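# Working through the structure, step by step
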Amino acid sequence: MMTYKIFVDGQEGTTGLKIHDYLSEISNIEVITIESEKRKDYETRRALINEADVVFLCLPDAASRDSVAMVNNNKTKIIDASTAFRTNPDWTYGLPELHRSQRTKIQNSFRVTVPGCHATGFILAIHPLVAEEIIPRDYPMSFFALTGYSGGGKKLISEYQDSNSEQLFAPRHYALNLNHKHLPEMQLYSGLNTAPLFTPIVGNYYQGDAISIPLIPRIFNKKVNASNIQEMLASYYRDDRFVRVAPFDSEAYLEDGFFNLMKCNNTNYLDIFVFGHKDQILLVSRFDNLGKGASGAAIQNMNIMLGFDEETGLV
Ligand SMILES: NC(=O)C1=CN([C@@H]2O[C@H](COP(=O)(O)OP(=O)(O)OC[C@H]3O[C@@H](n4cnc5c(N)ncnc54)[C@H](OP(=O)(O)O)[C@@H]3O)[C@@H](O)[C@H]2O)C=CC1
Ligand SMILES: CC(=O)N[C@@H](CCC(=O)OP(=O)(O)O)C(=O)O
């Protein structure tokens, strides 16, 4: 049985460390590591990248581009966690649940780009409804996300953990230039004609993301209510083990009247909830920004690319 060599470029960052946790549970792989003081050394990285069968890039965009340019062989498969290649047609978007054919594309690809965390939650909730021509492609889409601070990597983590600044106690809006870096992939893979108006909010907790998307059925192409939407999404994802569409029964999801957005933490699950009635619908997708939003998704892609079991990494 073949043993695959795996290298994580950016092994000491937030997503890199989490990927190492996942890798420690998988057999048939050998994880090759870089000495800490050499983690930004060009020649050392280049040698390891070309030695590996699979390389995870857990780096800022510019460093990811540098790493890809270092590949000088035909065998190394790259799984990039950054924003650098997400709408590049030469790369495969690493969202296996997008279409029936996406898993096969990932399996046959040498260059896979892991979706952004907020983009994952938005696209999985909206894309099937656009594809079914329920939501018009020119729908004026607006939504918000509430995320933990680990989504901002080491810099934001230390800002939250090393400071007593009072302004960090309350949730904070950001990307108020309305130009968040996930907009291009959100537009491309949701099928909408224009980018949504997206407002992310970061809270004073480590991990967990909830995307809340209000929808007005009055301006849909077809007459549907909230319950119909739940049935459609449940049917679309019926064979996908990591995307779970909750039954249509809003009260059952609440804890003392509140929604718990941390319930998918430390898993690769993404749960979609449909609330509402015939006039108003609220879609909520809940997931771990370090799970299905980043490192978990990266591992799911590796499992598909190497022909391992998608969930356990077993051969
Ligand atoms: N955190 C999250 O939830 C998500 C992150 N991502 C994306 O994944 C990528 C990594 O993010 P994240 O792990 O959060 O970031 P971190 O800042 O936590 O980690 C990045 C790591 O890359 C290292 N690094 C920086 N420049 C270089 C370089 N030139 N060569 C080698 N190593 C370098 C850093 O080194 P040093 O240790 O010196 O700082 C650090 O260890 C980013 O593109 C991010 O946008 C994607 C989805 C979600
Ligand atoms: C709290 C916070 O800052 N979160 C990050 C999202 C993390 C993510 O998905 O990252 P990449 O697109 O960089 O891969 C943000 O909104 O930019």
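If you look the protein chain up in an unreviewed UniProt entry, it shows as N-acetyl-gamma-glutamyl-phosphate reductase from Paenibacillus chondroitinus. Within the UniProt record for the protein chain, the comment given under Function (unreviewed entry) is "Catalyzes the NADPH-dependent reduction of N-acetyl-5-glutamyl phosphate to yield N-acetyl-L-glutamate 5-semialdehyde." Regarding the protein chain, the UniProt comment filed under Catalytic activity (unreviewed entry) reads as follows: "N-acetyl-L-glutamate 5-semialdehyde + phosphate + NADP(+) = N-acetyl-L-glutamyl 5-phosphate + NADPH + H(+)".

The next thing to look at is the packing of aromatic side chains. The description of an aromatic ring pair uses the distance of the two centres, along with the angle that the planes make with each other. Enumeration according to the criterion identifies 14 aromatic pairs in this entry. Between Phe143 and Phe198, the ring centres sit 4.7 Å apart and the planes meet at 20°, which makes this aromatic pair stacked. Of the two residues, Phe143 is situated in strand β7 (residues 142-147) and Phe198 in strand β9 (residues 197-202); the sequence distance between them amounts to 55 residues. We classify Phe198 as buried; its relative accessible area is 2%. Ring centres 5.9 Å apart and planes at 55° place the aromatic pair Phe242 and Tyr269 in the tilted group. Placement of Phe242 in the loop between α8 (226-236) and β11 (243-245) and of Tyr269 in the loop between β13 (258-259) and β14 (270-276) is noted, with a sequence separation of 27 residues between them.

Across the sheet, seven strands lie side by side as β8-β9-β7-β10-β15-β14-β11; this open sheet has mixed pairing. The two strands at the open ends of the sheet, each matched to only one other strand, are β8 (172-173) and β11. Strands β11, β14 and β15 (281-287) of the sheet are contacted by α8, whose axis makes an angle of about 160° with β14.

Summarising the element assignment, Ser190 is placed in helix α7 (residues 183-190). One polar contact links the side chain of Ser190 to the main-chain carbonyl oxygen of Gln187, over a distance of 3.3 Å. A distance of 3.3 Å separates a polar side-chain atom of Ser190 from the backbone nitrogen of Leu192. Among residues more than four places away in sequence, those in contact with Ser190 are Phe122, Ile123, Ile126, His127, Val130 and Glu185.

This next bit is on the confidence of the model for the protein chain. Of all residues in the protein chain, 100% have pLDDT values of 70 or greater, and the mean over the chain is 96. The ipTM value of the predicted complex is 0.95, and its pTM value is 0.96.

Here we take up helix α2 (residues 42-51). Within α2, burial applies to Arg45, Leu48, Ile49 and Asn50. The elements touched by buried residues of α2 are β1 (4-9), β2 (29-32), β3 (54-57) and α3 (61-69).

Under the UniProt annotation, "active site" (unreviewed entry) lies at Cys117. Relative to the assigned elements, Cys117 resides in helix α5 (residues 117-131). According to the relative accessible area criterion, Cys117 is buried, its value standing at 12%. Among residues more than four places away in sequence, those in contact with Cys117 are His182, Asp209, Phe287, Asn289 and Gly293.

Let's shift gears to the site of ligand 2. Taken together, the neighbourhood of ligand 2 is formed by 15 residues, with Arg86, Tyr174, His180, Lys181 and His182 sitting nearest. Note that an oxygen atom of ligand 2 is positioned 2.7 Å from one of the side-chain N or O atoms of His180. Out of a free accessible area of 440 Å², ligand 2 has 84% covered by protein chains. Its residues assigned to classes, the shell around ligand 2 shows four nonpolar, nine polar and two charged. When residues of the shell around ligand 2 are assigned to domains, at least three fall in each of domain 1 (4-114 + 294-305) and domain 2 (117-287).

Once that is clear, we can look at unusual backbone geometry. A positive phi angle is found at Glu133, which is not glycine, with a value near 60°. Backbone geometry places Leu178, a non-glycine residue, at a positive phi of 55°. One can find Leu178 in the loop between β8 and α7. Look at Leu178 and you get partly exposed, because its relative accessible area is 47%.

Criteria and thresholds
- Residues numbered from 1 in each chain as written.
- Chains lettered and ligands numbered in written order.
- Predicted model: local features only at pLDDT ≥ 70, side-chain atom pairs only at ≥ 80, totals over all residues.
- Heavy atoms only, no water.
- UniProt positions renumbered as here; feature names shortened; annotations may be inferred.
- Phe/Tyr/Trp six-rings, centres within 6.5 Å; stacked < 30°, edge-to-face > 60°.
- Helix = DSSP H or I, 4+ residues; strand = E, 2+ residues; numbered from the N terminus.
- Buried < 20%, exposed > 50% of the residue type's maximum accessible area, 1.4 Å probe, protein only.
- Pairing = 2+ DSSP bridges.
- Contact = heavy atoms within 4.5 Å.
- Axes fitted to C-alpha atoms, helices over the stretch in contact; angles between N-to-C directions.
- Polar contact = N/O pair within 3.5 Å; in protein donor to acceptor, adjacent residues only side chain to side chain.
- pLDDT = per-residue confidence, 0-100.
- Near = heavy atom within 4 Å.
- Areas by Shrake-Rupley, 256 points an atom, 1.4 Å probe, with all protein chains shown as cover.
- Nonpolar A, V, L, I, M, F, W, Y, C, P; charged D, E, K, R; others polar.
- Domains from an automatic or database assignment.

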